[in-house]
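Below, each chain spelled out in residue letters.
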Amino acid sequence: MSKYGSNSIVVEYDNAGGTLVDITQHVLELSSLDVEIVLEDSHSFGDSWAEALAVGLRKLADVTIMGFFDDVATTGPDVLFQANIPTGPASTSKTLKITFGGTKTLSVETFISKYRRMPKRGEITKYEVVLRPTGTVTET
């Protein structure tokens, strides 16, 4: 079994033209990649314990990325994320691809649900983006 450190992770995200851009050098933190099972409450009147049924759907939980704010014109996170905030139902999703150790990948379409800049006195300004996965997660 292979083990991977932060130096073996590559993070890519679609630019406005739909081409994956390596943003690894702009990432300081990446949230866990949680696969969730959708459950529906199924307990009825008279039950004293909660019950649930699996509805047959899986989803990837929101993914949060944080790093140093950078507005470099073509590859900075501000350009990639600010330009890709959805404006309505016709907005297209963007691909998030994470590569572990050069061979194992996770890829999913996402929408930006939150993008923020976080200036603090005495610190370098950081950004945080929350990506909402949609559809099938592809792992190779």
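Refer to the structure above for everything that follows.
Cut-offs applied
- By convention here, each chain's residues receive numbers from 1 onward along its written sequence.
- In keeping with the predicted nature of the model, local features appear solely for residues at pLDDT of at least 70, side-chain atom pairs appear and are counted solely at 80 or more, and the whole-chain, interface and lining totals rest on all residues.
- The basis for every side-chain value is the complete set of non-hydrogen atoms in the structure, without hydrogens or water.
- Within 6.5 Å between ring centres, the rings of Phe, Tyr and Trp (the latter by its six-membered ring) count as paired, and their orientation is classed by plane angle as stacked under 30 degrees, edge-to-face over 60, tilted in between.
- Runs of H or I in DSSP of at least four residues are treated as helices and runs of E of at least two as strands, each being numbered from the N terminus.
- Three exposure classes are used, based on accessible area relative to the maximum for each residue type with a 1.4 Å probe and protein chains only: buried under 20%, partly exposed in between, and exposed over 50%.
- The term salt bridge refers to a side-chain nitrogen of Lys or Arg lying within 4 Å of a carboxyl oxygen of Asp or Glu.

By the definition in use, this model includes four aromatic pairs. When the centroid spacing of 6.4 Å and the interplanar angle of 45 degrees are considered together, the rings of Y4 and F100 count as tilted. Of this pair, Y4 sits in the segment before strand 1 (9–14) while F100 sits in strand 7 (residues 94–100); the two residues are 96 residues apart in sequence, bridging distant segments of the chain. Exposure remark for Y4: the relative accessible area of 37% places this residue in the partly exposed category. Taking 6.2 Å as the distance between ring centres and 40 degrees as the angle between the ring planes, the aromatic pair formed by F81 and Y115 counts as tilted.

Side-chain pairs of opposite charge can arise where the charged atoms are in close proximity. Inspection of the entire model under this criterion finds six salt bridges. The residue D62 makes a salt bridge to R132 at a minimum N-O spacing of 2.5 Å. Taken as a pair, D62 in the loop between strand 5 (52–60) and strand 6 (63–68) and R132 in strand 9 (residues 126–139) lie far apart in primary sequence, 70 residues in all. Using a relative accessible area of 44% as the deciding quantity, one classes R132 as partly exposed.

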